[in-house]
Amino acid sequence: MTLHLLNKSHNNPQLLNKLLASVKDYDCILMIEDGVYTALTANAALFSGLPENCKLFALEPDVSARGLTDRLDSRFTIATDERFVELSCEMNKVVSWF
């Protein structure tokens, strides 16, 4: 199980496509920094091909700082900094997509 961290917006399609292609069963994706823009409802179709057991998160401080709290796709769960640490410890590895 892998925790994938994305800090770039969906405007970098090559990076996002590589990330999405590498996701396996039970992986998690956590959007951080400008990556939280990718979690917007308008981008929901980007995640349609992911395994159903893949969990999607967006980091709360970054979501709040950008005023996006009410605009995230329903598949995304808001993650606190504490949850970020827990996910990092629960997963076998962490991959940063920068």
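Nothing here was measured: the structure is a model prediction, and the numbers come from that model. (Residues numbered from 1 in each chain as written. Predicted model: local features only at pLDDT ≥ 70, side-chain atom pairs only at ≥ 80, totals over all residues. Heavy atoms only, no water.)

J.: How would you explain the overall build of the protein chain if you had to name every residue and give the values?
T.: When helices and strands are counted, the protein chain shows three helices and five strands. Each helix and strand of the protein chain, placed in order from N terminus to C terminus, yields the pattern β-α-β-β-α-β-α-β. Its C-alpha atoms give the protein chain a radius of gyration of 12 Å, near enough to 13 Å, the size a compact globule of 98 residues would have. By principal-axis analysis of the C-alpha atoms, the protein chain measures approximately 30 × 30 × 25 Å. Put simply, the protein chain has 98 residues, and 43% of those count as buried. (Helix = DSSP H or I, 4+ residues; strand = E, 2+ residues; numbered from the N terminus. Rg over C-alpha atoms; globule rule 2.2 N^0.38 Å. Buried < 20%, exposed > 50% of the residue type's maximum accessible area, 1.4 Å probe, protein only.)

J.: Can you tell me about the packing of aromatic side chains, naming the residues and giving the values?
T.: A complete count under the given rule lists one aromatic pair for this structure. Ring geometry for F47 and F76: centres 5.2 Å apart, planes at 80°, overall edge-to-face. With F47 in the loop between β2 (28–31) and β3 (55–59) and F76 in strand β4 (residues 76–79), the pair connects residues that are 29 residues apart, well separated along the chain. (Phe/Tyr/Trp six-rings, centres within 6.5 Å; stacked < 30°, edge-to-face > 60°.)

J.: Outline helix α1 (residues 13–22), supporting the account with residue identities and numerical values.
T.: Along α1, the residues classified as buried are L15, L16, L19 and L20. Here the buried residues of α1 occupy an arc of 125° about the axis, which is enough to place them on one side. Exposed and facing more than 90 degrees away from the buried side of α1 are Q14, K18 and A21. Packed against the buried residues of α1 are β1 (2–6), β2 and β5 (93–97). (Arc of directions from axis to C-beta. Contact = heavy atoms within 4.5 Å.)

J.: Account for the pairing of β2, with residues named and values stated.
T.: Every second residue of β2 is oriented toward a common face, with C28 and L30 on one face and I29 and M31 on the other, all of them buried. Alignment of β2 against β3, held across four bridges, turns out to be parallel. Bridge assignment links L30 to a residue of β3, and that residue is F57. (Pairing = 2+ DSSP bridges.)

J.: Break down the nonpolar core for me, with residues and values.
T.: In terms of nonpolar packing, the biggest core is built from 21 residues, with I29, M31, L50 and A58 touching the most fellow members. Those elements that provide at least two residues to this core are α1, β2 and β3. Of all the elements, α1 adds the most residues to this core, at four residues. Setting aside chain neighbours within four positions, we find M31 in contact with L6, V36, T38, A39, F47, F57, A58, L59 and F76. Within the second largest apolar cluster, 11 residues are counted, among which are L30, F57, L87 and M91. (Core = buried A, V, L, I, M, F, W, Y, C linked by side-chain atoms within 4.5 Å.)

J.: So, the pattern of salt bridges: which residues are in play, and what are the values?
T.: Applying the stated criterion across every chain yields a total of four salt bridges. The salt bridge involving R83 is made with E86; its shortest N-O contact spans 3.3 Å. On the criterion of helical spacing, the pair formed by R83 and E86 is a turn pair, its members being three residues apart in helix α3 (residues 81–90). One network of salt bridges, in which partners are shared, links D34, D62 and R66. (Salt bridge = Lys/Arg side-chain N within 4 Å of Asp/Glu carboxyl O.)

By themselves, these are just geometric observations and shouldn't be taken as functional.
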